[in-house]
Amino acid sequence: MDEPAPAGDDWPDRPLSPSEARDRLDAGEDARAVWVMDHDDGVRATVVPDDAPEDAVVDVVLETATGFEMYSYTRGQWMDYGTQRHDDEDAPSMAGTLESYRVLAGESSLST
């Protein structure tokens, strides 16, 4: 995994709405699924701005044909945590990481 870096200009300076997160499926040329994390209230209270909608999305994983692209809204901006490739045998399984996520859009290649 890469060190986090600010995400591209196509990410807003606020959390995504669920519909904006779903739209990420069409934004990537080979996106298969959009995964989102449903944080508990304690985490949401520290991460989600007060003026954000109750259903704001702050953690997204885009599953593509080649890997999993991870993004998180942190300190007022979207950060890109890099891509874990499907063929990286040394990386931990994404199935474990994604246990706390749900598929918002598309169809995953993982059995959940």
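Residues numbered from 1 in each chain as written. Predicted model: local features only at pLDDT ≥ 70, side-chain atom pairs only at ≥ 80, totals over all residues. Heavy atoms only, no water.

(A) Examining the overall build of the protein more closely. Of regular secondary structure, the protein possesses 3 helices and 6 strands. Sequence-ordered secondary structure for the protein, helices as α and strands as β, is β-α-β-α-β-β-β-α-β. A compact globule built from 112 residues would reach a C-alpha radius of gyration of about 13 Å, and the protein, at 13 Å, matches this within 12%. Projected onto its principal axes, the C-alpha coordinates of the protein cover approximately 40 × 30 × 25 Å. A buried classification covers 37% of the 112 residues belonging to the protein. Put simply, of all contacts in the protein between residues at least 6 apart along the chain, 59% involve residues at least 24 apart. Taken as a whole, the protein presents about 6,800 Å² of accessible surface, with 43% of it coming from carbon and sulfur. Side chains of the protein carry 8 positive and 27 negative charges; the gap between the two charge centres is 3 Å. (Helix = DSSP H or I, 4+ residues; strand = E, 2+ residues; numbered from the N terminus. Rg over C-alpha atoms; globule rule 2.2 N^0.38 Å. Buried < 20%, exposed > 50% of the residue type's maximum accessible area, 1.4 Å probe, protein only. Contact = heavy atoms within 4.5 Å. Areas by Shrake-Rupley, 256 points an atom, 1.4 Å probe, with all protein chains shown as cover. Lys, Arg positive; Asp, Glu negative; His and termini not counted. Charge placed at Lys NZ, Arg CZ, Asp CG, Glu CD.)

(B) Representation of the nonpolar core. In this structure, Trp11, Leu16, Ala21, Val34, Val36, Val60 and Trp78 are the most contacted members of the largest nonpolar core, which totals 18 residues. When residues of this core are traced back to their parent elements, those giving at least two are β2 (31-37), β3 (59-64), β4 (67-74) and β6 (101-106). The next biggest cluster of nonpolar side chains, apart from the first, holds 9 residues, and it includes Trp35, Met37, Leu98 and Tyr101. (Core = buried A, V, L, I, M, F, W, Y, C linked by side-chain atoms within 4.5 Å.)

(C) Up close: unusual backbone geometry. The phi angle at arginine 75 is positive, at roughly 50 degrees, despite the residue not being glycine. You can see arginine 75 is positioned in the loop between β4 and β5 (77-85). Arginine 75 gets classed as exposed once you look at its relative accessible area, which sits at 84%.

(D) Expanded view of the packing of aromatic side chains. With the rule as written, the count across this model stands at 3 aromatic pairs. Three or more aromatic residues joined by ring pairs form one cluster here, namely Trp11, Tyr71, Tyr73 and Trp78. When the ring centre of tryptophan 11 is taken as reference, the NZ or CZ atom of arginine 24 above it lies at 3.9 Å. (Phe/Tyr/Trp six-rings, centres within 6.5 Å; stacked < 30°, edge-to-face > 60°. Lys NZ or Arg CZ within 6 Å of the ring centre and 35° of its normal.)

(E) Quick look at the pairing of β4. Of all 8 residues making up β4, 6 are buried, and the element is well covered by its neighbours. Taken together, the 5 bridges between β3 and β4 define a ladder with antiparallel strand orientation. Following the sheet pairing, valine 61 is matched in β4 by methionine 70. The hairpin turn running from β3 into β4, its antiparallel successor, is 2 residues long. Direction of pairing for β4 relative to β5: antiparallel, over a ladder of 8 bridges. Following the sheet pairing, phenylalanine 68 is matched in β5 by glutamine 84. In this antiparallel pair of consecutive strands, β4 and β5, the connection spans 2 residues, and arginine 75 shows a positive phi of 50 degrees. (Pairing = 2+ DSSP bridges.)

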